[in-house]
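Chain by chain, the residues:
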Amino acid sequence: MRTILRTVIITIIVGGSILTIFTLLSKSINSLDVVKASNVRSIPDYCVPIELQIIEGELSQYADAKSNPIWLDKKAALEKSMQECALLATTYPPAIKPENEIGVIPPTSEPLPPQKIVTGIQKTILLPSGDFIPTVESENNYWAGLIDGETIQILAGIQRERDDTWREAHPEWAKMGPQGAVMVVDSNWSLIALVQTPTRNGYVHFVKECDSLLLLQADDGTMFVFDPIKFDFASHDSGCSILE
């Protein structure tokens, strides 16, 4: 009789312990889910980079963008930056707005000075615009200069294909890479022209300036000469070469 009673007591104790541990684990998991959900909801709007929104739009809209490792790496870096910004916002919340605003100086309404455009060939961060996708910032993807007294900016990259019909009509293009192109904009970034390279050789980048011409090179090494005055590619006998 004592043996049976002792067995029953031990069984009750062990069962109670297992039930307690299971309950604690469930609460811990639920708490973790609540924290994660809270973190997602607590990200302020100012912590979400505009560049991240643009990249996410490209990835969701165009299938070819999902195979671009550079964009995926940049997306991951921007998401990390966004989380760090949200963490700082939680750690150091904005100061409480005083009820009595006497003596509080309102912010000035003066506009910020326009960003100065630096002329010449450069490497910079550029974002897709319409049918144009720029070359990455590790290459010389940007040029700016004065044409007839006006500031002109030229971006190097490719022109996007919006559907797959071209693959059926031109199967040979699959081995040539995307269609190279340059986008010409004014000092306010308004589109002037989107000009394709004469042949299909992939992304292009700037190599050098030749007086009033610009020398560009494609992924496969093909050279092109662009005339920023005529907004068109010049012939190869223009005298602008990489050996000069």
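Residues numbered from 1 in each chain as written. Predicted model: local features only at pLDDT ≥ 70, side-chain atom pairs only at ≥ 80, totals over all residues. Heavy atoms only, no water.

A look at the pairing of strand S4 (residues 150-159)
In plain terms, the rule: Accessibility here uses a 1.4 Å probe with only protein chains present; expressed as a share of the type maximum, an area under 20% marks a residue as buried, one over 50% as exposed, and anything in between as partly exposed. For helices the rule is a DSSP run of H or I covering at least 4 residues; for strands it is a run of E covering at least 2, with both sets numbered from the N terminus onward. Only strands joined by at least two bridges in the DSSP assignment are considered to pair.
Of all the ten residues making up S4, eight are buried; the element is thus mostly covered by neighbouring parts of the structure. Sheet topology note: the strand S2 (residues 132-134)/S4 ladder contains three bridges and is antiparallel. Bridge pairing links phenylalanine 132 to glutamine 159 in S4. Pairing between S4 and strand S5 (residues 179-186): eight bridges, direction antiparallel.

Comments concerning the nonpolar core
Filter applied, for reference: Grouping buried Ala, Val, Leu, Ile, Met, Phe, Trp, Tyr and Cys residues that are joined through side-chain atoms within 4.5 Å yields what is termed a nonpolar core. Residue contacts are counted whenever heavy atoms from the two residues lie within 4.5 Å of one another.
In this structure, Ile154, Val182, Leu216 and Phe226 are the most contacted members of the largest nonpolar core, which totals 17 residues. Elements supplying a minimum of two residues to this core: strand S3 (142-147), S4, S5, strand S6 (191-196), strand S7 (204-210), strand S8 (213-218) and strand S9 (223-227). Here phenylalanine 226 is in contact with Ile154, Val182, Val184, Val195, Leu213, Leu214, Leu216, Phe231, Asp232 and Phe233, once residues within four sequence places are set aside. Judged by nonpolar contacts, the second largest core, of eight residues, contains Ile43, Cys47, Leu59 and Met82.

Things to note about the packing of aromatic side chains
Filter applied, for reference: The aromatic pairing rule takes the rings of Phe, Tyr and Trp, using the six-membered ring of Trp, and pairs them if the centres are within 6.5 Å, calling planes under 30 degrees apart stacked, those over 60 edge-to-face and the rest tilted.
Counted under the stated rule, the structure contains three aromatic pairs. Ring geometry for tyrosine 142 and tryptophan 189: centres 6.3 Å apart, planes at 25°, overall stacked. Of this pair, tyrosine 142 sits in strand S3 while tryptophan 189 is found in the loop between S5 and S6, placing the two residues 47 residues apart along the sequence. An aromatic cluster is built from Phe224, Phe226 and Phe233, whose rings are joined through pairwise contacts.

Regarding the environment of isoleucine 43
Relative to the assigned elements, isoleucine 43 resides in the loop between helix H1 (2-41) and helix H2 (50-61). Residue classification places isoleucine 43 among the buried positions, given a relative accessible area of 16%. Remark: the alpha-carbon pair of isoleucine 43 and glutamine 83, spanning 40 residues in sequence, is separated by 7.4 Å. Here isoleucine 43 is in contact with Val48, Met82, Gln83 and Ala86, once residues within four sequence places are set aside.

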